[in-house]
Amino acid sequence: MTTGFNAECLRAALRQAVAGKSIVGCVVAVSYGADAIHVEAAGLADREARMPMTGEAVFRLASLTKAVIGVLALTMVEHGEIDLADPVTRWLPWFSPVRPGGEQGKILVADLLTHRSGLGYGFNEPRGGPYRAAGISDGLDSSGLTLEQNMRRLAAIPLLDDPGTRWRYSLSTDLLGLLLEVAARRPLGDLVAERILRPLGMDRTAFIAASGQALVTPYADGPETPVRMAKAHAVAMGAGEIRFSPGRAYDASAFPSGGTGLVGTATDYVRFLDAIRRGGNGILSAAMARRFATDALDGEDIGFSGSGMGWGMGAAIMRDPAATGSPLSAGSWLWGGVYGNSYWVDPVRQIAVVALTNTALAGMTGTFPDEIKRAVYAGLEP
């Protein structure tokens, strides 16, 4: 059981990351034990303006959004508004893409939460792939589309797998967001605010930055030091590339991407993580909070960070820490975001941690996340 936290190792790790110029700036929030939250900031929010990073800096959260939408969906399951066994066509009759064999595919709400829908992401395909050719947005660019328009384009593309058969990271959470809007007859941003953000006091988190609210300046990995992102910026990842439009976070006309769209602070986000760690904290029942953080893949490995990882209802689940070389306990849940963010929750050690940076992709996939994990565990007092 964790009774305290010594932040010196964490401070040293942050200083080293900034001094080594792999990360421009970062904020780490650690929630531990019964009540305490510790926040550390380092580096610069804007390198060219020499603006220091602060603990309340607002970041583009990218795929950290997925856990929030997963929890939102489970609140609606608990209220009887949707069911995990509902076919997507109950709520979106027009969303019926064909399976690889040519027949119509039946995607369930549970398939969207567990990324077993048969859908994919454009950034995971090479140039000229079907998603790119159809102009489908991954939710990070300025597409000019509405959420429904984007999902209708997606519906026209054949599925990559039969639904329910294989985990594949995908636009499932964007489609889930649209389904929740239709089922609740409420805009997704309003649903998130009413059911999660306001009850938890997350007053600096939203799909669109508040008027006058300054976000950290985003940077991308460069040949020697990170480079300031342009209005439209592509970063190679996997077989394809991530297409960023940083200004999207200020654009009130941009659709609310359930997979990548939120902006917020480290303190806000660790409150969300802690609410689920503590058994729902009034947002979900303890049973449903456990279900969110329980592996749902029947032994299938998602292939993230080596092996030993499954998936729950909105986050990766650590099955075998030894297989991944991780200090996390078995049963921990975690994920990251391509703007340079990561989080994890270790229920055994009673901690929740979020590490937000303004540097993609080093803040998510470089040595930085591993160094932060080691530093946090070194600071835990038994």
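Scroll up to find the structure.
A brief structural summary. Just so it is clear, the model here is predicted, and its values are computed rather than measured.

Rules behind the numbers
Position labels on residues start from 1 in each chain and follow its written sequence. pLDDT decides what is reported in this predicted model: residues at 70 or higher carry local features, side-chain atom pairs at 80 or more are listed and counted, and totals for whole chains, interfaces and linings draw on all residues regardless. Based on all heavy atoms of the structure, the side-chain values leave hydrogens and waters out of the count. A pair of strands is treated as paired once DSSP finds two or more bridges between them. Strands are runs of DSSP state E lasting at least 2 residues, helices are runs of H or I lasting at least 4, and numbering of each runs from the N terminus. Partly exposed describes any residue whose relative accessible area lies between the buried limit of under 20% and the exposed limit of over 50%, with all areas from a 1.4 Å probe on protein chains only and scaled to the type maximum. Expected helix span is given by 1.5 Å per residue-to-residue step, counting one fewer step than there are residues.

### Here's the deal with the sheet that holds strand β16 (residues 359-360)
- Read from one edge to the other, the open sheet built from three strands follows the order β7-β6-β16, with strand pairing classed as mixed. Looking at which strands have only one partner, the edges of the open sheet turn out to be β7 (227-228) and β16.
- Of the pairings in the sheet, the one linking strand β6 (residues 219-220) to β7 comprises two bridges and is antiparallel in character. When the bridges of β7 are listed, alanine 220 appears paired with valine 227.

### Looking at the pairing of strand β15 (residues 351-357)
- Burial runs high along β15: seven of the seven residues are buried.
- Burial along β15 is two-sided: Ile351, Val353, Ala355 and Thr357 facing one way and Ala352, Val354 and Leu356 facing the other are all buried.
- Pairing of strand β2 (residues 25-32) with β15, which is carried by seven bridges, proceeds in the antiparallel orientation. Bridge pairing in β15 links serine 31 to alanine 352.
- Judged from the six bridges that link them, strand β14 (residues 341-346) and β15 form a sheet pairing that is antiparallel. Considered in β15, the bridge of aspartate 346 is made with isoleucine 351.
- Following β14, the chain reverses through four residues before pairing antiparallel with β15; glutamine 350 in that reversal takes a positive phi of roughly 60°.

### Remarks on helix α13 (residues 368-379)
- End to end, α13 covers 17 Å across twelve residues, agreeing with the expected 16 Å (1.5 Å per residue, within 8%).
- All of the buried residues in α13 are Phe368, Pro369, Ile372, Lys373, Ala375, Val376, Tyr377 and Gly379.

### Digging into the pairing of strand β13 (residues 333-337)
- The element β13 is extensively covered by neighbouring structure, given that five of its five residues are classed as buried.
- Here β13 shows two buried faces, one formed by Trp333, Trp335 and Gly337 and the other by Leu334 and Gly336.
- One ladder, built from two bridges, connects strand β12 (residues 316-318) with β13; its direction is antiparallel. The residue bridging alanine 316 from the neighbouring strand is leucine 334, located in β13.
- In this sheet, β14 lies alongside β13 in antiparallel orientation, the contact comprising five bridges. Paired with glycine 336 across the strands is serine 342, a residue of β14.
- Between β13 and β14, which pair antiparallel in sequence order, lie three residues; one of them, glycine 340, sits at a positive phi of approximately 115°.

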